[in-house]
Amino acid sequence: MTYTPNSNRYQTMQYRRCGRSGIKLPVISLGLWHNFGHQDEEKNYREILHLAFDEGITHFDLANNYGPPPGAAEENFGRILKKDFAAYRDEMIISTKAGYHMWNGPYGDWGSKKYLVSSLDQSLKRMQLDYVDIFYHHRPDPETPLEETMSALSLIIKQGKALYAGISNYPAEEAGKAIDLLKQMGTPCLIHQPKYSMLVRWVEDGLLDVLEKEGVGCIPFSPLAQGLLTQKYLQGIPENSRAANPTGFLKSNEITTEIIERISKLNELALKRGQTLAQMALAWLLKDKRITSVLLGVSSAAQLKDGLQCMHQPGFTEDELIEIDRIVK
Ligand SMILES: NC(=O)c1ccc[n+]([C@@H]2O[C@H](COP(=O)([O-])OP(=O)(O)OC[C@H]3O[C@@H](n4cnc5c(N)ncnc54)[C@H](OP(=O)(O)O)[C@@H]3O)[C@@H](O)[C@H]2O)c1
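Since we're looking at a predicted model, the values are computed, not measured.

A tally of regular secondary structure across the chain gives ten helices and ten strands. For 329 residues, the compact-globule formula gives about 20 Å, and the C-alpha radius of gyration of the chain, at 19 Å, lands near that figure. Taking the principal axes of the C-alpha coordinates as reference, the chain spans close to 50 × 50 × 40 Å. Here the chain holds 329 residues, and 43% of them are scored as buried. Long-range contacts, defined as pairs at least 24 residues apart, comprise 77% of the intrachain contacts of the chain with a sequence gap of at least 6.

Dropping the structure here:
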C-alpha cells in the first residue's frame, strides 16, 4: 500500500514558535519511546505515523535507546520514513538524543564528546538520514564538564549532522549554564525537553522562567504521565496497557489507590468540561504560552485522534485551575 498524505494537513494543526528561533512546532508532537520497538506491530505504528502526518504533526521525537531493543525505534522509523515519507523530509522535524546507556564500556553512556558524536553517527545510520533536525543531550552528566558536552553538541551542529541543539532533563540552574555555553559557541540551544504534566510540576519552580528569559522553547514529555492521566487505569490495569507490559516504563506499583482517587476527580472535571481526561491534561499544559509543543506517546491511532481534539476545546476558568491544583497537589 502506498501512502499519500492528506492535502489539508496544515489546516487544522496549530503551530507555535520555538522560543526565539526560526522554527515553529505543532502543539502536539509525536514521541516514539514506546510502541515502535521490534516487538510492536508495524501495521499499527505505521498507521500512527500516517495519521500524525495527515493531521499536521511535523515533529517526531526519538532517542538512541528507544525500542526495545535499544535502537529499534530509530530503525523502524527510518524504514517507514524511506518507504512513505521520502518526499516529505523537508516538512519534518526529526529529533534524537544520547545520554543514557547505549553500549558497553566507558564510551556508551552519559555526556562525553566521544559518546555523543559516535551515538549520533549510529542514529543517522539506523534512520538512514544525513542529518537530524534536533540533537539532544538526554540528561545531565555529573562527571563530564558541561563545556565538553555542550562543545560536542556545538561540533555536531557545525558539522551539519544536526541543525539545532537541545537539552533534556536539565534542572533550571544547569540549563541556564548550558544555554549560555551554547550561545557563546555560536550554536544556541533551541529547546529543552523536561518531564511535565498535571502530576509532575518541578519545571514551575524556575526552569520555565529560565527558558522564557533565554528564548528557548519547551516541549514537555510524558504529558499524560505515561497514561495515568487518562481513563485507562480507573478500573484496574488493563491487559494491553503500558503498566501491564513487562518492558513498559510505567510500573504497576505506581498505580496506587491514592493516585487513582485523584485521577477519578480529574476525570469528573474533564467530563464536566466536555472532554476526555487525556484531552484536558494536554490542554492544561498548552494553556501556558511558554510551552511550544507537548510530546505525546500513543499505542494506537485512536488514542492520537482523541488527544488531537484538545486543540478545539474551551480554555480553563480560574476556578477550574484552582480545582486541578487542589486535586493534584
Ligand atoms: N527526554 C526524556 O528523558 C524522555 C523520557 C520519556 C519520554 N520522552 C519522550 O516523550 C514521549 C512521550 O512520552 P510518554 O509516551 O511517556 O507520554 P504520555 O503521552 O504521557 O503517555 C503515553 C501513553 O499514554 C497512553 N495514552 C495516550 N493517549 C491516550 C488516550 N487518548 N487514551 C488513553 N490512553 C492514552 C498510552 O498508553 P498505553 O500504551 O498503555 O495504551 C500511551 O502509550 C516519548 O515517546 C518520548 O519521545 C522523553
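Neighbouring the ligand are 30 residues, the closest being Gly 31, Trp 33, Phe 221, Gly 227 and Gly 297. Broken down by secondary-structure element, the contributors of at least two residues to the shell around the ligand are β10 (294-296) and α9 (301-308). The biggest single contributor to the shell around the ligand is α9, with three residues. Looking at side-chain class alone, the shell around the ligand contains ten nonpolar, 16 polar and four charged residues.

Before going further, it helps to spend a moment on the sheet that holds strand β5 (residues 93-98). Strand pairing in a sheet relies on backbone hydrogen bonds. The paired strands run either parallel or antiparallel. What the eight strands build is an open sheet, ordered β9-β8-β7-β6-β5-β4-β3-β10; its pairing is parallel. In the strand order of this sheet, the two ends are held by β9 (217-218) and β10, each with one partner. Pairing of strand β6 (residues 132-137) with strand β7 (residues 162-168), which is carried by five bridges, proceeds in the parallel orientation. The residue of β7 that forms the bridge with Phe 135 is Ala 165. Against the sheet, helix α3 (residues 113-127) contacts β5, β6 and β7, and its axis sits at roughly 135 degrees relative to β5.

For the peptide bond that leads from Gly 67 to Pro 68, omega is 0 degrees, which places it in the cis range. Counting through the fold element by element, Pro 68 comes out in the loop between β4 (59-61) and α2 (72-84). Residue Pro 69 is reached from Pro 68 by a cis peptide bond, and omega for that bond is -10 degrees. Residue placement: Pro 69 occurs in the loop between β4 and α2.

Strand residues, when the strand is regular, have side chains that alternate between the two faces of the sheet. Extensive coverage of β5 is indicated by the burial of six of its six residues. Here β4 pairs with β5 via three bridges, running parallel. Its bridge partner being in β5, Asp 61 is matched across the sheet by Ser 95. For the segment spanning β4, α2 and β5, crossover handedness is right-handed. Sheet topology note: the β5/β6 ladder contains four bridges and is parallel. Pairing of Thr 96 across the sheet is with Phe 135, part of β6. Handedness of the crossover joining β5 and β6 through α3 is recorded here as right-handed.

With that out of the way, let us pick up the environment of Gly 206. Looking at the secondary structure, you find Gly 206 in the loop between β8 (189-193) and α6 (207-214). For Gly 206, a count of 14 C-beta atoms within 10 Å puts it in the partly exposed group.

The subject of this paragraph is helix α4 (residues 146-158). In a regular helix each residue adds 1.5 Å, so 13 residues correspond to 18 Å; α4 covers 18 Å between its end C-alpha atoms and thus fits that length. Within α4, the full set of buried residues consists of Thr 149, Met 150, Ala 152, Leu 153, Ile 156 and Ile 157. Considered in projection along α4, the buried side chains sweep an arc of 150 degrees and stay on one side of the axis. Residues of α4 that are buried make contact with α3, β6, β7 and α5 (172-184). Remark: Gly 160 follows α4 within two positions and exhibits a positive phi of approximately 80 degrees.

Below, the discussion takes up the packing of α2 against α3. Contact geometry of α2 with α3 gives a least axis separation of 7 Å together with a crossing angle of 45 degrees. Between α2 and α3, the interaxial angle falls into the category oblique. Seen from α2, the contacting residues are Glu 74, Glu 75, Phe 77, Gly 78 and Leu 81; seen from α3, they are Ser 123, Arg 126 and Met 127. The residue inventory of the contact of α2 with α3, partitioned by class, reads three nonpolar, two polar and three charged.

For the rest of this paragraph, the subject is α6. Taken together, the buried positions of α6 are Leu 207, Val 210 and Leu 211. One face of α6 carries all of its buried residues, which in axial projection span an arc of 95 degrees. Where α6 is buried, its residues contact α5, β8 and β9. At the C-terminal side of α6, Gly 215 shows a positive phi close to 70 degrees.

Topologically, Leu 234 is positioned in the loop between β9 and α7 (257-272). A tally of 11 C-beta atoms within 10 Å means that Leu 234 is categorised as exposed. Expressed as a C-alpha distance, the spacing of Leu 234 and Ser 264, which sit 30 residues apart in the sequence, is 6.7 Å.

Quick notes on the rules
Residues numbered from 1 in each chain as written. Predicted model: local features only at pLDDT ≥ 70, side-chain atom pairs only at ≥ 80, totals over all residues. Helix = DSSP H or I, 4+ residues; strand = E, 2+ residues; numbered from the N terminus. Rg over C-alpha atoms; globule rule 2.2 N^0.38 Å. Buried ≥ 20, exposed ≤ 12 C-beta atoms within 10 Å, placed from the backbone. Contact = placed C-beta atoms within 7 Å. Near = placed C-beta within 6 Å. Nonpolar A, V, L, I, M, F, W, Y, C, P; charged D, E, K, R; others polar. Pairing = 2+ DSSP bridges. Axes fitted to C-alpha atoms, helices over the stretch in contact; angles between N-to-C directions. Right-handed = clockwise from strand over helix to strand, strands pointing away. Expected span 1.5 Å × (residues − 1). Arc of directions from axis to C-beta. Parallel < 35°, antiparallel > 145°, perpendicular 65-115°, else oblique.

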